[in-house]
Amino acid sequence: MSSTSRGVRIRVREGLCIEAKSDPCGLVIFGASGDLTRRKLFPSLTYLKEHGLLPGSFYALGAARSAMTDAEIRSLAPELDAVYYLRGDYDDAAAYRELKERMRALDKTHQTGGNAIFYLAVPPELYPVILRGLGDAGLLDGAAPGGWARVIIEKPFGRDLASAMELETALGAYLREDQIYRIDHYLGKETVQNILLFRFANSIFEPIWNRSYIDHVQISVLESIGVEKRAGYYDQSGVVRDMCQNHMTQLLALTAMEAPTSFAADHVRDEKSQVFRSINPLAAENVVLGQYAGYRSEAGVSPNSRTPTYAALRVDISNWRWEGVPFYLRTGKKLGKRAAEIAVTFKRVPHSLIPQLRPEDLEPNVLVFRIQPDEGISLSFEAKKPGPKLCLGALTMDFDYDEVFGEDPPEAYQRLLLDCMQGDQTLFIRRDAVKETWRLVEPLLDSKKFEPAFYDPGSPGPAAADALIGRDGRKWRL
Ligand SMILES: NC(=O)c1ccc[n+]([C@@H]2O[C@H](COP(=O)([O-])OP(=O)(O)OC[C@H]3O[C@@H](n4cnc5c(N)ncnc54)[C@H](OP(=O)(O)O)[C@@H]3O)[C@@H](O)[C@H]2O)c1
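Because the structure is predicted, anything quoted here is derived from the model rather than measured. (Residues numbered from 1 in each chain as written. Predicted model: local features only at pLDDT ≥ 70, side-chain atom pairs only at ≥ 80, totals over all residues. Heavy atoms only, no water.)

Undergrad: Is there a simple way to explain the overall build of the protein chain in this structure?
TA: Looking only at helices and strands, one finds 12 helices and 18 strands in the protein chain. Relative to a compact globule of 478 residues, whose C-alpha radius of gyration would be 23 Å, the protein chain shows 24 Å and is just as compact. With the C-alpha coordinates of the protein chain rotated into their principal frame, the extents come out at 80 × 60 × 40 Å. Buried positions account for 52% of the 478 residues belonging to the protein chain. Look at the contacts in the protein chain between residues 6 or more apart in sequence, and 73% of them connect residues 24 or more apart. The positive charge centre, built from 59 side chains, and the negative charge centre, built from 64, are 3 Å apart in the protein chain. (Helix = DSSP H or I, 4+ residues; strand = E, 2+ residues; numbered from the N terminus. Rg over C-alpha atoms; globule rule 2.2 N^0.38 Å. Buried < 20%, exposed > 50% of the residue type's maximum accessible area, 1.4 Å probe, protein only. Contact = heavy atoms within 4.5 Å. Lys, Arg positive; Asp, Glu negative; His and termini not counted. Charge placed at Lys NZ, Arg CZ, Asp CG, Glu CD.)

Written as structure tokens, this is what we have:
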């Protein structure tokens, strides 16, 4: 099959599409009355159903305290055939016994082989409570003999290293690591997955993917909106917990990791963890935290809040590949731009052939993985402009998913739910990564040491962030 758009030709070769099969299973969603279920989980299940990706034998069972009927919950996902609801308190042992009976019955009706995924779409304080309920009811060995049980949890994985490890102890008391699916939905995004294929399914990039050819890397996740309706949650969390500990460090790991032996989940996750272990502790001069002016007046935010809404970091990785190559991470709210990307800037040419031009007059090549908006990949390079004069200009080769494939890439949750049904943990966070990333960012939670600098809404962020990268003779790209 091939498709062409604006000169880009994609040829998908037969035999190069890898399709795994999902086992029959039931999906039990705790907190099914909530926002995540309505906005992400049910639409994703509907997409999977419409694309023939749901297992033939499948049911979804919502569980929460709110009063709701089967008919009411079905109205949230009318295209799905088998959606049910069970009311109960999260700390009530009788509710889990009832859940077990209901699951046994649904398992028979839908022939799901005793397999069950438990999605904990509830505030994280409830994770240990629900695990205990499920564990005591014997549901974590599967809904019926011979079945498997998997548990999906959402970030935040703790508020700091100690609470993250407490959560891990609770998880470890009831589950093996191969049953735990910790979601970082950034890893489900197409461009993010493509980083690995781009790096390791092509031979031309890997030889230059190192300190000899790369000058620096910028990882940016910039938002133009503020905290909106999430102010209460956000003020307790802030940018370090909300973005740095998870999404930003994951993007960094995918860019910096060594080639895994295979795409097997633990091979990929071993290499990511190796990156985390090689990161130097963050020195104070490599950190700028900020807070947008007006944040303290948002409804639900403390008037004296020191919660940062912006972070710019210089991260140094001590290993053979990356020694001396800075990774600049930048993320924040209420900024002048909405964009997320990883930009790899190569070194400048060592010598200019044209006496009138110095090497530093030539733009360096930049490879950009665009995560949002308009997911895609671009590569810029210098070229001669047509005409009798010798004029150089920077050209950009640009690949945009929407233009080439004619549709937006699938939502992250569609991919992640499917992976869990297939037992593939590659895109989920492993316990050691939770620990290592908390170890890295935890010092930034000390608001006495890191006082956030104010910045104007709609601006690029605090001036100190420009100084952080400017000190190294570089500028932010976006
Ligand atoms: N929404 C998102 O886009 C998003 C994105 C990333 C991560 N997450 C994470 O995913 C999980 C679920 O998110 P959500 O947005 O669906 O959460 P939510 O709407 O606040 O809560 C989900 C459900 O949890 C139950 N619940 C139990 N105790 C609660 C309490 N003290 N406060 C509020 N609800 C309580 C409620 O159901 P009952 O009252 O009926 O029991 C509620 O409907 C959370 O861990 C969140 O951090 C969400």
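Moving on from the coordinates now.
Undergrad: Can you walk me through the environment of Glu79 in this structure?
TA: Turning to its location among the elements, Glu79 is positioned in the loop between α2 (70-74) and β5 (83-87). It is 6.3 Å that separates the C-alpha atoms of Glu79 and Thr46, two residues lying 33 residues apart in sequence.

Undergrad: Help me understand the sheet that holds strand β18 (residues 453-455) in this model?
TA: Pairing between the strands of a sheet comes from backbone hydrogen bonds, and it takes one of two forms, parallel or antiparallel. Read across the sheet, nine strands follow the order β16-β15-β14-β13-β9-β12-β11-β10-β18 without closing on themselves; strand pairing throughout is mixed. Because the sheet does not close on itself, it has two edges, and the strands there are β16 (392-400) and β18. If you compare each strand with its neighbour and ignore which way they point, the axes differ by 20 degrees on average. Bridging between strand β9 (residues 214-222) and strand β12 (residues 327-332) involves six bridges; their strand directions are parallel. (Pairing = 2+ DSSP bridges. Axes fitted to C-alpha atoms, helices over the stretch in contact; angles between N-to-C directions.)

Undergrad: Just to check I follow, could you spell out unusual backbone geometry for this structure?
TA: In terms of backbone geometry, most residues other than glycine have negative phi values and most peptide bonds are trans. Across the junction of Lys155 and Pro156, the peptide omega takes the value 5 degrees, indicating a cis bond. Relative to the helices and strands, Pro156 is located in the loop between β7 (149-154) and α5 (161-174). Residue Pro373 is reached from Gln372 by a cis peptide bond, and omega for that bond is -10 degrees. Inspection of the secondary structure assignment puts Pro373 in the loop between β14 (366-372) and β15 (376-384). Phi is positive for Gln111, close to 55 degrees, though the residue is something other than glycine. Mapped onto the fold, Gln111 is located in the loop between α3 (93-110) and β6 (116-120). Gln111 sits in the exposed class, given a relative accessible area of 57%.

Undergrad: What should I look at first to understand the nonpolar core in this one?
TA: Counting residues in each nonpolar core, the largest one holds 143 residues, and the members touching the most others are Phe30, Leu45, Leu99, Met103, Phe118, Tyr119 and Phe327. Among the elements that line this core, the one with the most residues is helix α7 (residues 231-256), at 12 residues. There are two domains that each give this core at least three residues, and those are domain 1 (25-154) and domain 2 (187-406 + 430-470). (Core = buried A, V, L, I, M, F, W, Y, C linked by side-chain atoms within 4.5 Å. Domains from an automatic or database assignment.)

Undergrad: What is the right way to look at the pattern of salt bridges in this model?
TA: Oppositely charged side chains are able to pair whenever their charged atoms sit close together. Scanning all chains against the criterion turns up 31 salt bridges. Here Arg38 ties to Asp35 by a salt bridge, and the two come within 3.6 Å at their closest N and O atoms. Residue Arg38 and its partner Asp35 are both found in helix α1 (residues 35-50); the two are separated by three residues, about one turn of the helix. When its relative accessible area of 39% is taken as the criterion, Asp35 is described as partly exposed. (Salt bridge = Lys/Arg side-chain N within 4 Å of Asp/Glu carboxyl O.)

Undergrad: I would appreciate a short explanation of α5 in the present structure.
TA: Helical periodicity: at 3.6 residues per turn, an α-helix aligns residues three or four positions apart in one direction. Helix length check: α5, at 14 residues, gives a terminal C-alpha distance of 20 Å against a target of 20 Å (1.5 Å per residue), a fit within 8%. Residues of α5 that are buried include every one of Ala164, Met165, Leu167, Glu168, Ala170 and Leu171, and no others. Against the buried residues of α5 lie α4 (126-136), β7, β8 (180-183) and α11 (431-441). (Expected span 1.5 Å × (residues − 1).)

Undergrad: Which parts of the structure should I look at to understand the pairing of strand β11 (residues 310-315)?
TA: Burial analysis of β11 places six of its six residues in the buried class, the great majority of the element. Two strands pair when backbone bridges link them, and strand β10 (residues 287-292) and β11 are joined in this way by four bridges, in the antiparallel orientation. Counted as the bridge partner of Gly290 is Tyr310 from β11. By the bridge criterion, six bridges tie β11 to β12 in an arrangement that is antiparallel. Among the inter-strand pairings, Val315 is bridged to a residue of β12, identified as Phe327.

Undergrad: Mind showing me how you'd approach α1 here?
TA: Counted at 1.5 Å a residue, the expected span for α1 with its 16 residues is 22 Å, and the 22 Å between its end C-alpha atoms agrees. For α1, the principal kink sits at Leu41 and spans about 30 degrees; a proline, Pro43, occurs within the next four residues. Where α1 is concerned, the buried positions are Leu36, Thr37, Leu41, Phe42, Ser44, Leu45, Thr46 and Leu48. Following α1 by one or two positions, Gly52 adopts a phi angle in the positive range, close to 70 degrees. (Bend = angle between axes of the 7 residues up to and from the residue.)

Undergrad: It is not clear to me how the domain arrangement of the protein chain should be interpreted in this structure. Could you clarify?
TA: Often, the extent of an interface is quoted as the loss of accessible area upon association of its parts. What the domain assignment lists for the protein chain is domain 1 (25-154) and domain 2 (187-406 + 430-470). If you average the C-alpha positions of domain 1 and of domain 2, the two centres end up 36 Å apart.

Undergrad: Looking at this structure, I do not really get the site of the ligand. What am I missing?
TA: In the neighbourhood of the ligand, 19 residues make up the surrounding shell, with Ser33, Asp35, Arg39, Ser66 and Tyr90 lying closest. Within the contact set of the ligand, an oxygen atom lies 2.8 Å away from a backbone nitrogen or oxygen of Arg65. Considered on its own, the ligand offers 860 Å² of accessible surface; in the complex 69% of this is hidden by protein. Looking at the shell around the ligand, the element that brings in the most residues is α1, giving three residues. Looking at the shell around the ligand residue by residue, the classes come out as 10 nonpolar, four polar and five charged. (Near = heavy atom within 4 Å. Polar contact = N/O pair within 3.5 Å; in protein donor to acceptor, adjacent residues only side chain to side chain. Areas by Shrake-Rupley, 256 points an atom, 1.4 Å probe, with all protein chains shown as cover. Nonpolar A, V, L, I, M, F, W, Y, C, P; charged D, E, K, R; others polar.)

Undergrad: How should I be thinking about the environment of Thr331 in this particular structure?
TA: The topology assignment puts Thr331 in strand β12. Assessed through its relative accessible area of 1%, Thr331 is described here as buried. Along the backbone, Thr331 and Ser220 are 111 residues apart, and their C-alpha atoms lie at a distance of 5.7 Å. Look past the residues within four positions of Thr331 in its chain and what remains in contact with it is Val221, Leu222, Val239, Met243, Cys244, Met248, Thr309, Tyr310 and Ala311. A polar contact is formed between the side chain of Thr331 and the backbone oxygen of Val221, at a distance of 2.8 Å.

Undergrad: How should the sheet that holds β6 be read in this particular structure?
TA: The seven strands lie next to each other as β5-β4-β3-β6-β7-β8-β17, forming an open sheet whose pairing is mixed. A single partner strand is all that each edge strand has here, and the edge strands are β5 and β17 (428-429).

Undergrad: How should the packing of aromatic side chains be read in this particular structure?
TA: How two aromatic rings sit relative to each other is given by the distance of their centres and the angle of their planes. The full count for this structure, using the stated rule, is 12 aromatic pairs. Ring geometry for Tyr292 and Tyr295: centres 5.5 Å apart, planes at 80 degrees, overall edge-to-face. Among the aromatic residues, those joined into a ring-pair cluster are Tyr234, Tyr292, Tyr295, Tyr310 and Tyr455. Here the guanidinium or amino end of Arg74 rests over the ring plane of Tyr84, the centre of that ring lying 5.1 Å away. Positioned above the aromatic ring of Tyr186 is the side chain of Lys189, whose terminal nitrogen or guanidinium carbon lies 5.2 Å from the ring centre. (Phe/Tyr/Trp six-rings, centres within 6.5 Å; stacked < 30°, edge-to-face > 60°. Lys NZ or Arg CZ within 6 Å of the ring centre and 35° of its normal.)

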